[in-house]
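Fold and contact review
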Amino acid sequence: MRHHDIVIVGGGPAGLAAAVAAKKAGITDILILERDNVLGGILNQCIHNGFGLHTFKEELTGPEYAARYIARVEEEQIPYCLNTIVADITRDRQVTYINREEGLVTIRAGAVILAMGCRERPRGALNTPGYRPAGIYSAGTAQRLMNIEGYLVGKEAVILGSGDIGLIMARRMTLEGAKVKAVAEIMPYSGGLKRNIVQCLDDYGIPLKLSHTVVNIHGKDRLTGVTIAEVDANRNPIPGTEEYYSCDTLLLSVGLIPENELSKGAGISLNRVTSGPNVNDRLETEAEGIYACGNVLHVHDLVDFVSQEAALAGQNAAEYVMGQNAAQAAGHTIPLVAADGVRYTVPQFLETAGMRDSVTVRFRVADVYKDRYISVYYDDKRISRTKKKVLAPGEMEQVVLTKKSLTEYPQTERITIRTEVE
Amino acid sequence: MEVREMICINCPMGCPLTVTMNGDRITVTGNTCPRGADYAKKEVLSPTRIVTSSVRVNGGTIARVSVKTKTDIPKGKIFDVMKEIRAARVDAPVKMGDVVIEDCAGTGVEVIATKSVARA
C-alpha cells in the first residue's frame with residue numbers, strides 16, 4: 001500500500017494553509033485530495049472583498065485570498081489531486097479515494113488532516129410548511145450559480161436567515177438588478193457580521209426583519225411568494241402578524257454544518273455544539289495522528305482565523321510524523337469547559353505534556369451581551385478576565401492560555417471559560 | 001441643518017451614531033471611540049465602496065470571471081459602475097489583475113479581474 005507522510009482531505013483555505021505549514025515544518029511527502037476541479041474551495045465563489053485583513057493587512061476578494069495560498073502550494077511543489085473524492089478514512093489512517101485517473105485507491109498516511117469544510121443547512125432542516133416549488137435555494141448555491149455559472153437566480157427575492165452568505169447575496173442580487181424585498185431573521189439579532197449588515201443591507205435600503213420568519217411558501221411549480229410573521233420569545237409565530245411578500249426566489253441562509261461524514265466513518269467523536277470533532281490543543285482528534293482544522297472543526301466567521309488554525313494543524317501533524325509529538329509523553333489531560341454564555345470551546349482538551357507556550361482557545365457566545373467579562377478559571381481560581389463592551393454569537397472570540405500560567409497551577413483538573421457580568 | 005443616523009462598522013460594538021451637519025460643522029454623537037467619529041464624517045462627506053461583481057467570459061473553463069474596482073469609488077456611482085460591468089465581455093484566457101474596464105463609468109477607476117480563467 002502506498003504511503004504518504006501527510007494526507008490532507010480538502011484543498012480549500014484550511015487544507016492549503018495546513019499543507020504550506022507542514023511543508024515549512026519539514027515534511028515533503030504531502031498529498032492534498034480535493035473533490036472540485038480547482039483548489040481554493042468556497043473562496044472561489046466568494047467574490048466579495050473583505051478577506052485577509054488579518055493575514056495580509058489588506059482587503060482581498062475570496063479568489064485573490066485563495067490565489068495567494070495556491071501560489072505557495074505551487075511554489076513548494078506540494079502534490080495535489082483534483083476531481084478526487086475521499087470515500088473513507090479509517091482510525092488507523094488508511095484513506096480511500098476515487099478519481100478518474102487512478103480509480104479506487106487506498107493509501108496509508110503518517111498523519112491525516114481533516115479540512116473538508118462545511119455545508120449549508122437545507123430547507124428540510126427547517127420544517128417550513130408549503131409546497132416545494134422551484135426558486136428556493138440555499139444562499140451558497142445561489143452564490144455559485146451567479147458568480148461562477150453566470151445565472152441570475154431570480155428577479156424578486158426574500159432571504160430567510162441573516163447569516164453572512166445571505167447578507168452578501170442580498171447585495172449581490174441587488175447589484176445584478178434583482179429586487180431583494182426583505183431579510184427575515186428568526187432571532188432578535190443577526191447572525192452575520194455588522195459590516196455586512198451595513199454594507200449589504202443598509203446601503204441598499206433592504207429591510208432586516210429581526211424576530212421574523214417564513215411561515216408559508218406559496219406557488220406550485222415556481223415560487224410565487226412567502227408569508228412572513230413575527231415570532232415571540234420562544235420563536236413561535238404570533239398570529240395576526242403575517243405579511244405576504246410576492247417573490248420568485250427564496251434564499252436560505254440559516255446556518256452552516258461542518259461536513260463530518262468521513263470523520264464519523266473513522267469513529268471520531270463529534271462535539272454536540274460545534275458538530276465538529278473534539279480536539280486537543282494540538283488540534284488532534286481523539287484518533288491518534290488525525291488532525292482537524294477550519295470549518296470542519298467549527299464554523300468560522302473569518303477565513304483569516306481558518307488559515308491560522310490550519311497552519312497550526314499542519315505544523316502539529318508534521319511534528320507528529322517526525323516523532324516529536326510530545327503529547328504522547330507523560331502529562332495529563334485537562335478538559336476545557338464552556339460555561340455561562342460561552343457555547344463551546346475549541347480545543348476541548350489540553351494535553352499538558354505537549355502544550356506549546358501559548359494556546360489560542362476559540363469560542364462563540366450564546367447571545368448578544370453588553371459590558372461583560374470573559375474569564376478563565378483554573379478549577380475555582382480565576383486566572384484572567386477581559387472586559388468586552390459587546391459580545392455577539394456571530395463573531396468568534398478567543399482567549400490565549402499560556403503554559404507559564406498553567407505550570408503555576410500543576411494540579412488543575414479543568415479549565416473553564418465563562419462570561420461574567422461582574 | 002441635517003441629521004443622519006448610522007451604525008459604525010469599525011468593530012463589533014456597532015455604535016448607533018447620530019451625525020449633525022450644520023454648514024461646515026459636523027458633530028457626531030453616540031460613538032464610543034474616535035474611530036466612530038472619523039467613520040461618520042467620511043460616510044456623510046464622501047462615502048466610498050469597492051464594488052465586486054463578475055463579468056461574462058467567452059470560451060473559458062467557467063462562465064464568469066470575478067472582478068472588482070481597483071480602488072474604492074463614490075457610493076453614489078455604484079449602479080453606474082454595475083451597468084458597465086454587466087455589459088462587459090472578456091475572452092478567455094483571463095489572468096488575475098487583468099484590466100477588464102479601463103475607466104469605469106467616469107470614475108477614473110479600473111475594473112480588474114480577481115481570478116484567472118483558462119481557455120476551455
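Overview of the structure. The model shown is predicted, which means the values in this text are computed figures rather than measured ones.

A word on the overall build of chain A. A tally of regular secondary structure across chain A gives eight helices and 27 strands. The globule rule puts the C-alpha radius of gyration for 422 residues at 22 Å, and the 22 Å found for chain A is close to it. C-alpha extents for chain A along the principal axes are approximately 65 × 60 × 40 Å. Looking at chain A residue by residue over its 422 residues, the buried ones come to 57%. Residue pairs in contact within chain A that sit at least 24 positions apart in sequence constitute 64% of those at least 6 positions apart. Carbon and sulfur atoms provide 48% of the accessible area of chain A, an area that totals close to 17,500 Å². A distance of 2 Å separates the average location of the 46 positive side-chain charges in chain A from that of its 51 negative side-chain charges.

Opposite the 29 residues of chain A that make contact, chain B presents 27 residues. Interface area for chain A against chain B, summed over the two sides, is near 2,500 Å², with a carbon-plus-sulfur share of 59%. By the criterion of area lost to chain B, the three top residues of chain A are A:Leu175, A:Glu176 and A:Lys194, representing 21% of everything that side buries. At the boundary of chain A with chain B, the tally comes to four salt bridges. Among the salt bridges present, the one from B:Lys75 reaches A:Asp203, with a minimum N-O distance of 3.3 Å. At the boundary of chain A and chain B, one finds 10 residue pairs in polar contact (both at pLDDT 80 or more). Elements with a minimum of two residues in the side of chain A that touches chain B: helix H2 (62-75), helix H3 (139-149), helix H4 (164-175), helix H5 (194-201) and strand S25 (381-391) of chain A.

Residue and element names in this part refer to chain A. Strand order in the open sheet formed by three strands is S21-S23-S26, with antiparallel pairing between adjacent strands. Each edge of the sheet is formed by a strand with only one pairing partner; in this case those strands are strand S21 (342-346) and strand S26 (397-402). Adjacent strand axes in the sheet meet at a mean angle of 30° when their direction is disregarded. Bridge count for S21 against strand S23 (residues 358-365) is four bridges, and the pairing is antiparallel. From the neighbouring strand, Val-342 faces S23, where its bridge partner is Val-365.

Moving on, we come to empty space enclosed by the protein. The full count for this structure, using the stated rule, is two cavities of 30 Å³ or more. Taken as a whole, the largest cavity spans an internal volume of roughly 70 Å³. Every residue along the wall of the largest cavity is listed here: A:Arg171, A:Leu175, A:Gln199, A:Asp203, A:Tyr204, B:Arg49, B:Ile50, B:Val51, B:Thr52 and B:Ile78. Across the lining of the largest cavity, the residue classes tally to five nonpolar, two polar and three charged. Approximately 60 Å³ is the volume attributed to the second largest cavity. Every residue along the wall of the second largest cavity is listed here: A:Ile47, A:His48, A:Ile168, A:Arg171, A:Arg172, A:Leu175 and B:Thr52. Tallying contributions element by element places H4(A) first for the lining of the second largest cavity, with four residues.

We now examine unusual backbone geometry. Trans is the common state for peptide bonds, and a negative phi is the common state for residues other than glycine. The linkage connecting A:Val346 with the following residue, A:Pro347, adopts the cis geometry, with an omega of 5°. Within the secondary structure layout, A:Pro347 lies in the loop between S21 and strand S22 (349-351). Looking along the chain, the bond that leaves B:Ala92 and enters B:Pro93 is cis, with omega of 0°. With a phi angle near 65°, A:Leu283 is a residue other than glycine that sits in the positive phi range. The topology assignment puts A:Leu283 in the loop between helix H6 (261-265) and strand S19 (290-292).

Relative to the elements of secondary structure, A:Gln324 occurs in the loop between helix H7 (303-321) and strand S20 (333-339). Judged by relative accessible area, which is 45%, A:Gln324 ranks as partly exposed.

Cut-offs applied
Residues numbered from 1 in each chain as written. Chains lettered and ligands numbered in written order. Predicted model: local features only at pLDDT ≥ 70, side-chain atom pairs only at ≥ 80, totals over all residues. Heavy atoms only, no water. Helix = DSSP H or I, 4+ residues; strand = E, 2+ residues; numbered from the N terminus. Rg over C-alpha atoms; globule rule 2.2 N^0.38 Å. Buried < 20%, exposed > 50% of the residue type's maximum accessible area, 1.4 Å probe, protein only. Contact = heavy atoms within 4.5 Å. Areas by Shrake-Rupley, 256 points an atom, 1.4 Å probe, with all protein chains shown as cover. Lys, Arg positive; Asp, Glu negative; His and termini not counted. Charge placed at Lys NZ, Arg CZ, Asp CG, Glu CD. Buried area = accessible area lost by both parts, 1.4 Å probe. Salt bridge = Lys/Arg side-chain N within 4 Å of Asp/Glu carboxyl O. Polar contact = N/O pair within 3.5 Å; in protein donor to acceptor, adjacent residues only side chain to side chain. Pairing = 2+ DSSP bridges. Axes fitted to C-alpha atoms, helices over the stretch in contact; angles between N-to-C directions. 1 Å grid on protein atoms, 1.4 Å probe; cavity = no way out; pocket = protein on both sides within 12 Å on 5 of 7 lines; lining within 4 Å. Points joined across faces, edges and corners; volume = space filled by probe spheres on them. Nonpolar A, V, L, I, M, F, W, Y, C, P; charged D, E, K, R; others polar.

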